[in-house]
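What the coordinates show
This is what each chain is made of:
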Amino acid sequence: MTNFDYDLITIGAGSGGVRASRLAASYGGKVATVEESRVGGTCVMRGCVPKKLLVYGAHYASHFEDAVGFGWTVGDVSHDWGALVAAKDKELNRLEQVYHRMFKDVGVFLLEGRGVLSDPHTVEVGGKSYTADKILIGVGGWPFIPNIPGREYVITSNEALDLKERPDHIIIVGGGYIALEFAGIFRALGSKVDVLIRSGSILRGFDHDVCCTVTQELDKKGIVIHPDCVVRSIDKCDDGQLSVMVDNGKEMVVDQVMYATGRNPNTKGIGLEEAGVVLNKKGAIVVDKWNRSNVENIFAVGDVTDRVNLTPVAINEGRVFAESFFNNSPMTLDYTNIASAVFTQPTVGTVGMTEEQALKDHAVKIYMSRFKAMKHTLSGRDERIMMKIIVDKDTDKVLGCHMVGDDSPEIIQGLAVALKCGATKAQFDATVGIHPTAAEEFVTMRDAVPDSADV
Ligand code: NDP
């Protein structure tokens, strides 16, 4: 028994906050969750879910083209962007209701409005004060746009998901997850797409063979990647188009400019500094392995902590927080071998170390395969799958698996279990494949890349 209104107040009803709140309430805690926007947060309302629905929509472009090789006659096809956005919105509304219902069923009180800490145990929402024994911050992040002249004209992924019309020509700045996923969506649906990256390569931090393969495949789709290209300024033309000046003096005139240059933690203006919570240079809440900040009763999960910014990580951080503090079952999250995907076309799936990371501490053997998917022998599409396994030469342990190709996220998820179990290459080899699939290649690669055998 405490003298607080609640055992837990969670600020932010995104993936991490929702999981923590629901679990804590299911274990008997009195829980309130504060949300100023829509329950579901970035992933469900402005990120993974709506993006993936648009990616599904975009895939039909290649399906129609590929069908011809299988005997189909495909007449004139056209796409209605507005219809796709409306269908996506309908699904998001449904999901929002599901979230509201889940809160109700488990007894989480929803406090609608902006939550601001006034002291370590008190949250102000809409002019009222609520107190709690523990406070959990799960307010996520927000797109970062560099401070360039004309930044007011650009959109981010938030607005891209709700555009009234599909742009005929879009510049996307950035070469990470969001930039490339949206490049694929817009290109497949008919836009001319230029991707401007400030460095020499897309997907920094991914295995270099993944970067090269994705670059080649995006090029085949007509997505133009401009390396070493920095935007200096953006201006609005009289006809509403945007004039983009890049640092080589070139001007590009397009309908939309989208920035996907990373995201910053949403920690401004919610009373964190006032409550004494320590933030790092990027503004993220610094937490320990228990998700606890320097203030004993204030915790944080998800992108606001800027650890591994992925939805399933936030969900698991919320879970271990609730298990530890509301179910008397202390646990922490293991951040090794977290698989992730980039929903480009074709997709990327990856788990474990890249070759570059592995080489820092290990002698490695590299197994790699590039091939045409069986489907494309008839479709005629010039698309290659790339698969790569990185193996510790001394222990035979598989350190990383990477794939570029359709269904790679579905395939890599299973391999993530194998890596979590510490699988060796010999165990991969002893696994019988499923034929005919692309996935079987992961258990039939027998010969190491010659140069790598002695690395
Ligand atoms: P990323 O960090 O993946 O990529 C940011 C990109 O922007 C990089 O190419 C970076 O270049 C570039 N960049 C950064 N600052 C500037 C600048 N000032 N000028 C020009 N370019 C710049 O961020 P995203 O926005 O794509 O995604 C944010 C997060 O969301 C990711 O970290 C990811 O965890 C998550 N996410 C995950 C998805 C998934 O799992 N499928 C999908 C979407 C998002 P450089 O490489 O040179 O630094």
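Residues numbered from 1 in each chain as written. Predicted model: local features only at pLDDT ≥ 70, side-chain atom pairs only at ≥ 80, totals over all residues. Heavy atoms only, no water.

Some thoughts on a nonpolar patch on the surface
A grouping of Tyr 60, Phe 64 and Val 77 is seen on the molecular surface, where their side chains present a nonpolar patch of about 290 Å² in accessible area. Following the sequence through the fold, Val 77 ends up in the loop between helix 3 (48-67) and helix 4 (81-106). The class for Val 77 is partly exposed, based on a relative accessible area of 48%. (Patch = residues over 30% accessible without salt bridge, like charges linked within 9 Å, V, L, I, M, F, W, Y side chains within 5 Å. Areas by Shrake-Rupley, 256 points an atom, 1.4 Å probe, with all protein chains shown as cover. Salt bridge = Lys/Arg side-chain N within 4 Å of Asp/Glu carboxyl O. Helix = DSSP H or I, 4+ residues; strand = E, 2+ residues; numbered from the N terminus. Buried < 20%, exposed > 50% of the residue type's maximum accessible area, 1.4 Å probe, protein only.)

Quick look at the pairing of strand 2 (residues 31-35)
Along strand 2, five of the five residues are buried, which leaves the element largely enclosed by surrounding structure. Residues Val 31, Thr 33 and Glu 35 point to one face of strand 2 and Ala 32 and Val 34 to the other, with burial holding for every one of them. Examined bridge by bridge, strand 1 (residues 6-11) and strand 2 share four bridges and lie parallel to one another. Its bridge partner being in strand 2, Thr 10 is matched across the sheet by Thr 33. Taken together, the five bridges between strand 2 and strand 3 (residues 108-112) define a ladder with parallel strand orientation. Bridging from a neighbouring strand, Val 31 pairs with Val 108 of strand 3. (Pairing = 2+ DSSP bridges.)

Focus: the site of the ligand
The immediate surroundings of the ligand are formed by 20 residues, with Gly 175, Arg 198, Arg 204, Asn 309 and Ala 341 found nearest. In this structure, an oxygen atom belonging to the ligand sits 2.9 Å away from a main-chain N or O atom of Ile 178. In isolation the ligand exposes 920 Å². Once the protein is present, 77% of that is buried. Among the elements that take part in the shell around the ligand, helix 6 (residues 177-188) stands out by supplying three residues, more than any other. For the shell around the ligand, the class distribution of residues is eight nonpolar, seven polar and five charged. (Near = heavy atom within 4 Å. Polar contact = N/O pair within 3.5 Å; in protein donor to acceptor, adjacent residues only side chain to side chain. Nonpolar A, V, L, I, M, F, W, Y, C, P; charged D, E, K, R; others polar.)

Side note on unusual backbone geometry
That bond from Gln 345 to Pro 346 is cis: its omega, 5°, falls within 30 degrees of zero. Mapped onto the elements of the fold, Pro 346 is located in the loop between strand 17 (340-342) and strand 18 (348-352). Cis geometry marks the peptide bond from His 435 to Pro 436; its omega dihedral reads -5°. Relative to the helices and strands, Pro 436 resides in the segment after helix 12 (425-429). The residue Leu 203 is not glycine, and still its phi comes out positive at about 50°. Along the chain, Leu 203 falls in the loop between strand 9 (192-196) and helix 7 (208-220). Even without being glycine, Asn 328 reaches a positive phi, approximately 50°. Take Asn 328: it is sitting in the loop between helix 8 (311-326) and strand 17.

Notes on the packing of helix 1 (residues 15-26) against helix 8
It is the contact of helix 1 with helix 8, at a shortest axis distance of 7 Å, that shows an interaxial angle of 25°. As far as their axial angle goes, helix 8 and helix 1 are roughly parallel. Where helix 1 crosses over helix 8, the handedness of that crossing is right-handed. Contacts from Ser 15, Gly 16, Arg 19, Ala 20, Leu 23 and Ala 24 in helix 1 reach Thr 311, Ala 314, Ile 315, Gly 318, Arg 319, Phe 321, Ala 322, Glu 323 and Phe 326 in helix 8. Here the residues of the contact of helix 1 with helix 8 are counted per class, giving eight nonpolar, four polar and three charged. (Axes fitted to C-alpha atoms, helices over the stretch in contact; angles between N-to-C directions. Parallel < 35°, antiparallel > 145°, perpendicular 65-115°, else oblique. Left-handed = near helix turned anticlockwise from the far one by under 90°. Contact = heavy atoms within 4.5 Å.)

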